[in-house]
Amino acid sequence: MSTQAAAPAPSTNKIGLTKGDYKGAPSTLCIGCGHDSITNHIITSFFELGINPHQVAKMSGIGCSSKTPAYFMNQAHGFNSVHGRMPSVSTGAKLANRNLNMIAVSGDGDTASIGLGQFCHLIRRNLDMVYIVENNGVYGLTKGQFSATADKDSKLKYGAINKFEQIDICSLAIDMGCTYVARSFSGDPKQLIPLIKGAVSHKGTAIIDCISPCVTFNNHEGSSRSYLTVKEKDDPLHEIGYVHGAEEIKVDYEPGSLKEVKFPDGAIVTLKKLKRDFDPTNRMQALEALEESKTQGHLLTGLFYVNPQTHDLGEVLEICDTPLAYLGEKELRPSAEALSKIMQGFE
Amino acid sequence: MSIIVNDCSICIATVNGSGSQSANNILLKSFFRMGIPSGAKNLFPSNIQGLPTWYTIRVNKDGYVARKPELDIMVAMNAATWVEDHASVKKGGVIIHGTELAVASGMKRDDVIYYAIPFKQLAEQNFTEIKLRKLLTNMIYVGVLTELLQIDLEVVKKAVSDNFANKAKVVEANLKALQVGIDYVKGNVKKQDPYKVEKMDANKNKIVIDGNSAAALGCVYGGCSVVAWYPITPSSSLCETTIDYFEELRVDKTTGKKNFATVQAEDELAAIGMVLGAGWAGARAMTATSGPGISLMAEFAGYGYFTEIPAVVFDIQRTGPSTGLPTRTMQGDIDFVNTLSHGDTRHPMLIPANPVECFEFAQSSFDLSERLQTPVFVMSDLDLGMNQWASEKFNMPSKPFDRGKVLNTEALKKLGKFERYRDVDGDAIPYRTLPGTDHPLAAYFTRGSGHNEGAKYTEKAEDYKNLMDRLSRKFETAKKYVPKSVLKEVSGADVGILAYGSTDLAITESQDLLLKDGIKTNYLRVRAVPFGDEVKEFYKKNKRVYVVEQNRDGQMFEIVNHDIGGELALKSRSVRHYDGLPIFAKTIVEQILKFERSH
């Protein structure tokens, strides 16, 4: 009999799964890639939320970021689709099965260049999903070309200067009517994890623009997306927390300095004031803050806009509660009488 | 003058947006309900108002209802095309025209019969409302034809009231206009032409319907529950009609909730993306489009083939390339869709030739795509999709849905293993699971990049080749499931005609005309790609095979030659028609005769 003490059992979440149950295949991205940190934060978020991986659908397009769904939640179905077209595939899958808990990972090329149209239309339709843009301002998989989110006048590794205006994913999302818009940084789990959890609780399209430095092609001096620059420019709006309805809010705060956003599933996102007053339910204020930070050369992060009382596409289309995928002949094939009546109309 | 009963082709030349559609439908319905074989082709422009439109109706006691370019009766209502319309009538034919359309001295023909009708004045005298006058002028020409051809008045009246159902005032005004036309002819026109119609009994248990409506009904009865589409002529009405039937037939009466979801997408890229997403997640999903949309769907078509996702795409073909002639017909995408996308791809295509097949193939396309786990294309065209066709009534489907090889939680528990892309049964069709299936083995990762039998990423040469070979075998398996060709053998014939889709309408007439020249023909109507063995058999039995189709380059001719290959392919001859208008018998006969006489 062994005298060694048994290793302590790994801690489990509310559905009895360990964090290991939320892991995926080993990453094949470059060592130090911001995307891998985000993968880990997704794993932590879903583990802590106690979501059953089999209920999750992992969606992506093409690019380094779009590879990452293979690196988390092995027990969830994944769909690595076509470049820039993940939103349409997600829309179809979610229409077929409303119960799927959908998380998508895309990149700045996949979202803001080739996929800009589908990105905008996804938001218009308010599909219930979490959409993380792993934004590094550069094409990694094709070796270092600028993307449409690269800052004007920023410099490529080999010296080229970006002469064109950047597309701001967050202000665009707000303009398109997005009901949950946030920005964070891959190296800030304290901010990103509650934002991911809030996005999961949100019933509608939740966009998280996550700055994620590319260690290989965009981490040099002169890059506006290097680890150093992002850390230096990061300007968080508030300190973010996430609690389940049943939990007690334990954040210390000055009276009047804590805002709470309540979601229909009972979850609450808490926003503790830092430097300024900010109301995340005010679209105008959100756009102003984004514009102002851009002018000042800051990288504003936080939850910019949220409307937790919203109707997602499935509700708008009044789709039945049973997923369409599970309906059979009884529900789907009308009667012979109905057909014969229709035939009479064509006589 | 000998009377010609139940055999004439009529053309109504109007301006689009003038409201002639109702009048023309009433006219067609009247012939049809008199039991006479009838067909109609609407030759319309890509425009909403003001450009020329020709509506042709052919009534024929022998059942030949394909388009006939030689016109017996022209109803000339459009000043802009008056000169060419006037010239297009055949010798001995009839020209009915408004008195304001003067027959200039150099233009006058002495080989046609003119009936000048003061349409404008009749409308002004009888109807005070200016807006109505123009619309009701159309019913006046229906009245003129009713009297001239002796169309059964009670039948016409019934067609009027059915057409404007529940709108008593509209019915009343139209009936009045009809009578104005009849009375004018009775009082002022001396009939000099030989054309006349009489009741027959050819349309028992038949309906008049367009192929798109038929396909829409097929989708609804075939269990389609997700539709994603982008408007494009001539496919829009297929989706719009599907949505109408969904609203009528698929809303839960107690909850008001819908057993379907439809999205008008931002473009065809998104439409096919949604269909693939929905198919992947287990719903029966479809989109409908035409050539330009098919072009945009190419990348996803390859993705669906390679990742093995069920999807149904209706291609209502129109005249290409590019924008082409958007409102004219063509069998123009057969070759393109056959291998749509980059790399090695082959897609099953179902090719309906009439409304019954539009209804039935729409249903079976969902069975096929789920059975074969691949996108299936239903290749209709503008002629079949948008024109009114006399058709047998549709039968209630008797076969249950075939949902294909899907493993649920219980099946996974029992099996204890699952590999998404393994050929377990030897038919090259693997098993799949749907997202949301509650079992640790259920999940797999779908990717358009290289994948092995376990759905894991791979760039290994052997894995890639294995996958491509299995997909090729799966296409062979598809032969078992697609609709077989229809063979019409004629005793003593050793020349074959191979045709498909809407071309069918002109083939029987062509065969009968060829017979007058002493040429007996067998006829094989191909209804799907991949072909069954019957195509090869047909080639073996005939010394020559004429592949008749509506495109310039002989697209099916190339596919057949490629797929049957070898010596047999040398028997192929290509017969082509490609002016944007529906094919007609004479052009087929002329081309075949030219070949035959050179032998």
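About the cut-offs
- Residues numbered from 1 in each chain as written.
- Chains lettered and ligands numbered in written order.
- Predicted model: local features only at pLDDT ≥ 70, side-chain atom pairs only at ≥ 80, totals over all residues.
- Heavy atoms only, no water.
- Helix = DSSP H or I, 4+ residues; strand = E, 2+ residues; numbered from the N terminus.
- Rg over C-alpha atoms; globule rule 2.2 N^0.38 Å.
- Contact = heavy atoms within 4.5 Å.
- Areas by Shrake-Rupley, 256 points an atom, 1.4 Å probe, with all protein chains shown as cover.
- Lys, Arg positive; Asp, Glu negative; His and termini not counted.
- Charge placed at Lys NZ, Arg CZ, Asp CG, Glu CD.
- Axes fitted to C-alpha atoms, helices over the stretch in contact; angles between N-to-C directions.
- Parallel < 35°, antiparallel > 145°, perpendicular 65-115°, else oblique.
- Left-handed = near helix turned anticlockwise from the far one by under 90°.
- Nonpolar A, V, L, I, M, F, W, Y, C, P; charged D, E, K, R; others polar.
- Expected span 1.5 Å × (residues − 1).
- Buried < 20%, exposed > 50% of the residue type's maximum accessible area, 1.4 Å probe, protein only.
- Arc of directions from axis to C-beta.
- Polar contact = N/O pair within 3.5 Å; in protein donor to acceptor, adjacent residues only side chain to side chain.
- Domains from an automatic or database assignment.
- Buried area = accessible area lost by both parts, 1.4 Å probe.
- Salt bridge = Lys/Arg side-chain N within 4 Å of Asp/Glu carboxyl O.
- Core = buried A, V, L, I, M, F, W, Y, C linked by side-chain atoms within 4.5 Å.
- Pairing = 2+ DSSP bridges.
- Phe/Tyr/Trp six-rings, centres within 6.5 Å; stacked < 30°, edge-to-face > 60°.
- Lys NZ or Arg CZ within 6 Å of the ring centre and 35° of its normal.

### Observations concerning the overall build of chain B
Working step 1: Looking only at helices and strands, chain B features 21 helices and 24 strands.
Working step 2: At 27 Å, chain B has a C-alpha radius of gyration in line with the 25 Å of a compact globule built from 599 residues.
Working step 3: A sequence separation of at least 24 residues applies to 75% of the contacts in chain B between residues at least 6 apart.
Working step 4: As displayed, chain B offers around 23300 Å² of accessible surface, 51% of which is attributable to carbon and sulfur atoms.
Working step 5: Here chain B contributes 73 positive and 72 negative side-chain charges, whose respective centroids are spaced 3 Å apart.

### Considering the packing of helix α1 (residues 20-33) of chain B against helix α5 (residues 153-163) of chain B
All names here are of chain B.
Working step 1: For the pair α1 and α5, the least separation of the axes is 9 Å and the interaxial angle reads 135°. Taken together, the axis directions place α1 and α5 in an arrangement best described as oblique. As for how α1 packs across α5, the hand of that crossing is right-handed. Residues Ser22, Asn25, Ile26, Lys29, Ser30 and Arg33 of α1 lie in contact with α5, whose contacting residues are Val155, Val156, Lys158, Ala159, Val160, Asp162 and Asn163.
Working step 2: Split by residue class, the contact of α1 with α5 holds five nonpolar, four polar and four charged.

### Details of helix α9 (residues 283-296) of chain A
All names here are of chain A.
Working step 1: Across its 14 residues, α9 extends 20 Å between first and last C-alpha, which sits within 8% of the 20 Å expected from 1.5 Å per residue.
Working step 2: Along α9, the positions that sit buried rather than exposed are Ala286, Ala289, Leu290 and Ser293. Along the axis of α9, the buried positions cluster into a sector of 95°, meaning they face one direction only. Turned more than 90 degrees from where α9 packs its buried face, Met284, Glu288 and Thr295 sit exposed.
Working step 3: Of the surrounding secondary structure, the elements contacted by the buried residues of α9 are α6 (169-175), β7 (180-185) and β13 (299-306).
Working step 4: Among the residues of α9, the N-terminal cap falls to Asn282, whose side-chain oxygen and the backbone nitrogen of Met284 are separated by 3.0 Å.
Working step 5: Downstream of α9 by one or two residues, Gly297 has phi in the positive range, about 75°.

### Focus: the domain arrangement of chain B
All names here are of chain B.
Working step 1: Domain boundaries assigned for chain B yield domain 1 (4-204), domain 2 (209-392), domain 3 (409-481) and domain 4 (486-598).
Working step 2: In this assembly, 21 residues from domain 2 lie in contact with 25 residues from domain 3.
Working step 3: Taken together, both faces of the contact between domain 2 and domain 3 bury some 2000 Å²; the carbon and sulfur share is 60%.
Working step 4: A per-residue breakdown of the area domain 2 buries against domain 3 is headed by Trp280, Phe306 and Glu308, which together make up 34% of the total.
Working step 5: Scanning the region where domain 2 abuts domain 3 turns up two salt bridges.
Working step 6: Between Lys474 and Glu308 there is a salt bridge, with its nearest N and O atoms 2.9 Å apart.
Working step 7: Elements with a minimum of two residues in the side of domain 2 that touches domain 3: α9 (268-280), α11 (298-307) and α13 (355-372).

### Here we look at the nonpolar core
Working step 1: Residues Met59 of chain A together with Leu498 and Met556 of chain B are the most contacted members of the largest nonpolar core, which totals 101 residues.
Working step 2: In terms of residue count, α9 of chain B provides more of this core than any other element does, eight residues in total.
Working step 3: Counting 53 residues, the second largest nonpolar core, distinct from the first, contains Leu27, Leu28, Ile96 and Phe127 of chain B.

### Thoughts on the sheet that holds β13 of chain A
Working step 1: If you trace the nine strands from one edge of the open sheet to the other, you get β9(A)-β13(A)-β7(A)-β8(A)-β4(A)-β3(A)-β1(A)-β2(A)-β18(B), paired in mixed fashion. Strands at the two margins of the open sheet, each flanked by one partner only, are β9 (234-236) of chain A together with β18 (445-447) of chain B. The average undirected angle you get between the axes of adjacent strands in this sheet is 20°.
Working step 2: Summarising the sheet, strand β2 (residues 77-80) of chain A and β18 of chain B pair through three bridges and their orientation is parallel. When the sheet's bridge partners are listed, Phe79 of chain A is paired in β18 of chain B with Thr446 of chain B.

### Details of the packing of aromatic side chains
Between two aromatic rings, the relevant description is the distance of the centres plus the angle of the planes.
Working step 1: Scanning the model with the defined rule gives 12 aromatic pairs over all chains in all.
Working step 2: Ring centres 4.9 Å apart and planes at 80° place the aromatic pair Phe79 of chain A and Trp280 of chain B in the edge-to-face group. Of this pair, Phe79 of chain A sits in strand β2 while Trp280 of chain B is found in helix α9, placing the two residues in two different chains. Per residue, the accessibility class of Phe79 of chain A equals that of Trp280 of chain B, and both read buried.
Working step 3: Seen in terms of ring centroids, Phe79 of chain A and Tyr303 of chain B are 5.4 Å apart; in terms of plane orientation they differ by 10°. Their pairing is stacked. On the criterion of chain membership, the pair formed by Phe79 of chain A in strand β2 and Tyr303 of chain B in helix α11 is interchain, its members lying in two chains. Taken individually, Phe79 of chain A and Tyr303 of chain B each receive the classification buried, so the pair is uniform in this respect.
Working step 4: Connected via pairs of aromatic rings, a cluster forms that spans Phe79 of chain A together with Trp280, Phe300 and Tyr303 of chain B.
Working step 5: A cation sits over an aromatic face here: Lys58 of chain A above Phe72 of chain A, 5.7 Å from the ring centre.

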